[in-house]
Amino acid sequence: MKKKQNQSWKNYIPITKWLPNYSISENLINDIIGGVTVGILNVPQGMAYASLVGLKPVYGLYTSLFPSLIYMFFGTSRHVALGVFAVVSLMSGSCNLRVTQEIISNNGTNMTSTEVEAISINVVKSLGLAVGLIQIIMGLFKANYLISYLSDQIILGFTTGAAVHVLTAQLNKILGVALPRHSGIGKLFFIYQDLITAIIGEKVNVITFGASVVAIVILYISKYILTPRFCAKTLVPIPFDLFLIVIGTIIADWFQVEERWGVKVVGDIPTG
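Scoring rules and cut-offs
Residues numbered from 1 in each chain as written. Predicted model: local features only at pLDDT ≥ 70, side-chain atom pairs only at ≥ 80, totals over all residues. Heavy atoms only, no water. UniProt positions renumbered as here; feature names shortened; annotations may be inferred. Domains from an automatic or database assignment. Contact = heavy atoms within 4.5 Å. Buried area = accessible area lost by both parts, 1.4 Å probe. Salt bridge = Lys/Arg side-chain N within 4 Å of Asp/Glu carboxyl O. Polar contact = N/O pair within 3.5 Å; in protein donor to acceptor, adjacent residues only side chain to side chain. Nonpolar A, V, L, I, M, F, W, Y, C, P; charged D, E, K, R; others polar. Helix = DSSP H or I, 4+ residues; strand = E, 2+ residues; numbered from the N terminus. Expected span 1.5 Å × (residues − 1). Bend = angle between axes of the 7 residues up to and from the residue. Buried < 20%, exposed > 50% of the residue type's maximum accessible area, 1.4 Å probe, protein only. Core = buried A, V, L, I, M, F, W, Y, C linked by side-chain atoms within 4.5 Å. Axes fitted to C-alpha atoms, helices over the stretch in contact; angles between N-to-C directions. Parallel < 35°, antiparallel > 145°, perpendicular 65-115°, else oblique. Left-handed = near helix turned anticlockwise from the far one by under 90°. Phe/Tyr/Trp six-rings, centres within 6.5 Å; stacked < 30°, edge-to-face > 60°.

- The protein chain goes by Anion transporter SULP-7c in an unreviewed UniProt entry, where it is assigned to Caenorhabditis elegans.
- Quoted verbatim from the Subcellular location (unreviewed entry) field of the UniProt record, the comment on the protein chain reads "Membrane".

Structure follows, in C-alpha cells:
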C-alpha cells in the first residue's frame, strides 16, 4: 500500500521517475544542444509575443524562462518545448486591452503612461494566475480526457482561425502603420477596414514594408532551403532567425532608421 502511494505521488512530479534513470553519456550532449536551440529561439519569440499581449518586450523574456523551468519538474514529455505562443498571446492581449480600458474609464482618463502600464501588467499577471490555478485544479482531477470530446473539425477550425488572427495582428507592423486596437465581435473586419484606409491614405512606411518583405523572404529561404541542407551536415541547428535579428539590429542602429525614416524599433531592453 505504501509503495502504491509513493508511485501515485511520483505521478504528479515526473522528474522523480526519470531523473534517477537519466543516462548522461547518451542524452546530455543532445539535451544541451536542444536547450540552447530552444533558448535562442525564445529570445526573439518572447519579445514578439509580449508585443501581442500589449506589454514591453522584456516581459516576454521573463515569461520565456519560467514555463520551461517549471515543466522540467512536472512535464511528462521530453520532446515538448513549453512557453508562450501566438494564440495565447493574442487572447491575453484582447483581455488586457478590454480590462485595462475599463479600469481607466472607471478611474478617470487623466492617467500617466506609467500608471497605464502598471495597470496593464497587473491585469496580465492576474490573468496568468487565474489560468494557472484552473489548470492545476484540472490536472489534479485528471481532466485531460475532456479533449477526446473535441472533434477534428473543431480543432482544425480553431487552428485556422488562430492563424488568420495571428496574420492579421502582424499586418499593421509589416506595413508600418499605427492602428487603434479593437476587441469584441467583428474585430477582424475593423482591423482590415483601418488597414485599407491607411493604405489608401498613403500612410504606409515604405522602409518598414521593404524590411518586412526582405525578412520574410530570408526566413523562408533559411527554413525550407538552407536548414534542411545544413542539418544533414551539422549536429547543432544553425539559428538563422537569430542571425537575422542581430544583423537587422546592427543595420537599424547604424543607419538610425527610427530617426530618419520613422521605422519602429524595440529600443532599450533593461538588464538584470
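## Considerations on the domain arrangement of the protein chain
Then step 1. Once the domains are mapped, the protein chain shows domain 1 (150–203) and domain 2 (205–271).
Then step 2. When each unit is reduced to the centre of its C-alpha atoms, the spacing between domain 1 and domain 2 is 23 Å.
Then step 3. The interface is formed by six residues belonging to domain 1 together with six residues belonging to domain 2.
Then step 4. Roughly 410 Å² of surface becomes buried between domain 1 and domain 2 when both sides are summed, with 60% attributable to carbon and sulfur atoms.
Then step 5. For domain 1, the biggest contributors to the area lost against domain 2 are Ile 174, Leu 175 and Gly 176; these three give 77% of the whole.
Then step 6. Counting every contact that joins domain 1 to domain 2 gives zero salt bridges.
Then step 7. On inspection of domain 1 and its partner domain 2, the count reaches four residue pairs in polar contact (both at pLDDT 80 or more).
Then step 8. Residue composition of the side of domain 1 that touches domain 2, by class: three nonpolar, one polar and two charged.

## Some remarks on helix H9 (residues 206–231)
Then step 1. The end-to-end C-alpha distance of H9, which contains 26 residues, comes to 35 Å, matching closely the 38 Å that a straight helix rising 1.5 Å per residue would cover.
Then step 2. At Ser 222, H9 shows its maximal bend, which comes to roughly 40°.
Then step 3. Buried within H9 we find Thr 208, Ser 212 and Ser 222.
Then step 4. Backbone nitrogen of Ile 207 and a side-chain oxygen of the N-cap are separated by 3.1 Å at the start of H9; the cap is Asn 205.

## Focus: the nonpolar core
Then step 1. Residues Leu 175, Val 177, Leu 179, Ile 191, Leu 195 and Ala 198 constitute the largest nonpolar core, which totals six residues.
Then step 2. Residue contributions to this core peak at three residues, all from helix H8 (residues 187–200).
Then step 3. Leu 175 has contacts with Leu 195, Ile 199, Val 204, Asn 205, Thr 208 and Phe 209, leaving out every residue within four places of it along the chain.
Then step 4. Leu 52, Ala 86, Leu 90 and Ala 169 belong to the second largest nonpolar core, which has five residues in total.

## Details of the UniProt feature "transmembrane region" (unreviewed entry) in the protein chain
Then step 1. Sequence positions flagged by UniProt for "transmembrane region" (unreviewed entry) are, in local numbering, residues 80–99, 119–141, 153–172, 184–201, 207–226 and 238–257.
Then step 2. Helix makes up 100% of residues 153–172 and strand makes up 0%, while its end C-alpha atoms are separated by 30 Å.
Then step 3. Span residues 184–201 is 78% helix and 0% strand, its end C-alpha atoms 26 Å apart.

## Here we look at the packing of helix H5 (residues 86–107) against helix H6 (residues 113–140)
Then step 1. In contact at an axis separation of 9 Å, H5 and H6 are set at 130° when each is read in the N-to-C sense. Overall, the two elements H5 and H6 adopt an arrangement that is oblique. For the pair H5 and H6, the sense of crossing is right-handed. Every residue of H6 that contacts H5 at Ser 92, Cys 95, Asn 96, Val 99, Thr 100, Ile 103 and Ile 104 is listed here: Val 116, Ile 119, Ser 120, Val 123, Val 124 and Leu 127.
Then step 2. Of the residues belonging to the contact of H5 with H6, the class tally is nine nonpolar, four polar and no charged.

## Things to note about the packing of aromatic side chains
Then step 1. Counted under the stated rule, the structure contains three aromatic pairs.
Then step 2. Seen in terms of ring centroids, Tyr 220 and Tyr 224 are 4.8 Å apart; in terms of plane orientation they differ by 45°. Their pairing is tilted. On the criterion of helical spacing, the pair formed by Tyr 220 and Tyr 224 is a turn pair, its members being four residues apart in helix H9.
Then step 3. Judged by relative accessible area, which is 53%, Tyr 220 ranks as exposed.

## Concerning the environment of Leu 179
Then step 1. Checked against the element boundaries, Leu 179 lands in the loop between helix H7 (152–175) and H8.
Then step 2. A C-alpha to C-alpha distance of 7.7 Å links Leu 179 and Ile 191, two positions twelve residues apart in sequence.
Then step 3. Not counting chain neighbours up to four residues away, the residues in contact with Leu 179 comprise Asn 172, Ile 191, Asp 194 and Leu 195.

## Focus: the pattern of salt bridges
As a working rule, side chains carrying opposite charge can pair if their charged atoms are close by.
Then step 1. Under the counting rule described, the total for this entry stands at one salt bridge.
Then step 2. The partner of Lys 56 in a salt bridge is Glu 117, with the nearest N and O atoms 3.5 Å apart. Pair noted here: Lys 56 is in the loop between helix H3 (24–53) and helix H4 (57–74) and Glu 117 is in helix H6, with a separation of 61 residues, a long-range link.
Then step 3. Residue Lys 56 is classed as partly exposed on the basis of its relative accessible area, which comes to 47%.
Then step 4. Here Glu 117 falls in the partly exposed class, since its relative accessible area comes to 25%.

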